[in-house]
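So the chains spell out like this:
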Amino acid sequence: MPKREPPSRELVLKRNSVERLKAELFPTELANQWERLVDTSYEKLPEEDIVRLQWFGMYHDKPKIGTFMMRIKIPSGILTAEGLRVIGEISEEHGRDQGELTTRQNIQLHYISLDRFPGILDRLKAVGLTTMGGCGDVVRNITGCPVAGVDREELFDVSGLIKQTAGFFYGNREYSDLPRKHKITIAACPYQCNAPEINCIALVGTFHQGRAGFAVRVGGGQSSTPRLSRHLGVFITYEQALPVLRAIIDAWQSTTEYRLSRVKARLKFMIDDYGVDAFRQLVEARLGAVLEPLPQLPLPAAESDHMGVHEQNEAGKFYVGFPVYLGLMSGRQMRCIGDLASSYGGDIRLTRRQNFILGGIPGGRLEQVIAAAGEIGFPLDVNGLYGSSIGCIGDPHCNYAVTPSKEKLASLIQRLTTQFGDEVAGLKLNLDACPHACAQHWTGDIGLQGTTGRGSNGEPLEAFDIILRGGLGRDAAIGKPLLRRIPSAKVEDTVARLFAGYLHHRLAGESFTRFCTRMPDNMLVALGISDAADAVAEQSTD
């Protein structure tokens, strides 16, 4: 338990500008002042209102000229054909035909102006979607296994629970004034494809003494202080899920301890301070009951992002996972994929690795649907690296980016697939343009974080830190930045040398991450910076 006394509310308001602006005018109250926002020139809008717009799912685009990124929340990534079609139409009409899939199963559009937003929000509401709470100090999009409810291998169906949980938290004023953003994931996927290790709260489907329910993990997150979530040591039933989620959030949001500093406001810092056992006691006190113990944390059976062709639990139906190059979909492509799914009565499901799945495909239409998706721009027969690599927004849209992201990721994919072919299929290449880790660089096989280096004359250069030994699943670990400030022009060569060294020195059946874990730091660095490092690496396998 922390020894410090919780700060007073007065001190919080003095120190924390976001807490202060929430107290002065709660962000969602801007809905009653939208005409004022539209009538005010962008350069004269108060910065406090720009921050409040986050509660509407909006961040200002780069450059700051009055257009916004708009984030659409899609619980568990499950989307109707009509829903995707409408998003595509909005992108074509108002977002310059651009869009991207995110690592939290959202869709983001750009170039949205404030005067268009109310009409856009109404169109989204008509198909059961919203942007509200896409950003801000709220419960963010609730993620899960994208094939919940249709996968033959799932332990049990949690799609109803996800809908119930989203319905409770989304737009709930009681949970819209949190210390900072809060991320929940719920799944009963045997592969734990939803990354429970890096969420604030994860409900992990399992069976205990013959009963279906959940293990609970708490305190995960990335950014500049990454943490893997920890086992709360309890088993909860389906019916207990929502009360337990509320109790965990309430234990965190009810104290001023985590409102003084935005940097230390996430749940992971409370778990650090209190420890799992003391935090569990706080949760149980709010519930008024002791939770059932569960000593063993359930681990995934293997890895899967549900790419490719799979039989569904309904006889004669299939789902197909399509890789989305760089996670980018134009508005036209969204509209066309929506039309395709509608043609056979199916749906669309977005994955954590920025890909999509077409579900409910009748067996007789399978080949036709795969061919049609390929014609729209999403061929199935491409190198697996197209689907396993992820990149953040980066330049040109994100104000935090210090390097390009999609452009650099495309260059890396081209280099690796050309040089290594199918050997790199499935390599988890996670690239971020800043420390915020939207592309989860800490837990990729190879993580890259944009930074700034210095040239020979001291001039600033675009550069990347290369992070190794990270991963999720049975080998979950926070990676280590081993190669620092590699100039952007040398990144492709450095990554290619690392992978070539892995192919040359790996043990039978050894994954890239396990190879990196086995190798000492200095030898991995040597592999990355010089082709002549083979002699050094040989010493590690003697």
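The structure contained in this document is the topic of the report that follows. Computed from a predicted structure; not experimentally measured. (Residues numbered from 1 in each chain as written. Predicted model: local features only at pLDDT ≥ 70, side-chain atom pairs only at ≥ 80, totals over all residues. Heavy atoms only, no water.)

One turn of the α-helix equals 3.6 residues, which is why residues spaced by three or four share an orientation. Three or more residues of helix α12 (residues 366-376) are buried, namely Leu366, Val369, Ala373 and Ile376. Along the long axis of α12, the arc covered by the buried residues comes to 90°, so they all point the same way. Opposite the buried face of α12, at more than 90 degrees from it, the exposed residues are Glu367 and Glu375. Considering only its buried residues, α12 is in contact with β12 (308-311), β13 (317-322), α11 (331-343) and β15 (356-362). (Buried < 20%, exposed > 50% of the residue type's maximum accessible area, 1.4 Å probe, protein only. Helix = DSSP H or I, 4+ residues; strand = E, 2+ residues; numbered from the N terminus. Arc of directions from axis to C-beta. Contact = heavy atoms within 4.5 Å.)

The next subject is the pattern of salt bridges. If you walk through the whole model with that rule in mind, you get 31 salt bridges. Residues Arg246 and Glu174 are paired through a salt bridge, measuring 3.6 Å at the closest nitrogen-oxygen approach. You can see Arg246 sitting in helix α8 (residues 241-253) and its partner Glu174 sitting in the loop between α7 (159-169) and β7 (184-187), a full 72 residues away along the chain. Residue Arg246 is classed as partly exposed on the basis of its relative accessible area of 28%. Arg280 is the partner of Asp277 in a salt bridge, and the nearest nitrogen-oxygen pair spans 3.2 Å. Highlighted residues: Asp277 and Arg280, both in helix α10 (residues 276-287), separated by 3 residues, approximately one helical turn. When salt bridges that share partners are traced, they join Arg9, Glu19, Lys22, Asp137, Asp177, Arg259 and Arg262 into one network. (Salt bridge = Lys/Arg side-chain N within 4 Å of Asp/Glu carboxyl O.)

Below, the discussion takes up the sheet that holds strand β18 (residues 446-454). In space, the 5 strands of this open sheet follow the order β16-β17-β18-β19-β20, with mixed pairing throughout. Pairing within the sheet leaves two strands with one partner each, and these edge strands are β16 (390-391) and β20 (480-487). The pairing of β18 with strand β19 (residues 460-468) spans 9 bridges and is antiparallel. Looking at β19, one finds that Arg454 is bridged to Pro460. Against the sheet, helix α17 (residues 521-529) makes contact with β19 and β20, and its axis sits at roughly 25° relative to β20, the strand it touches most. (Pairing = 2+ DSSP bridges. Axes fitted to C-alpha atoms, helices over the stretch in contact; angles between N-to-C directions.)

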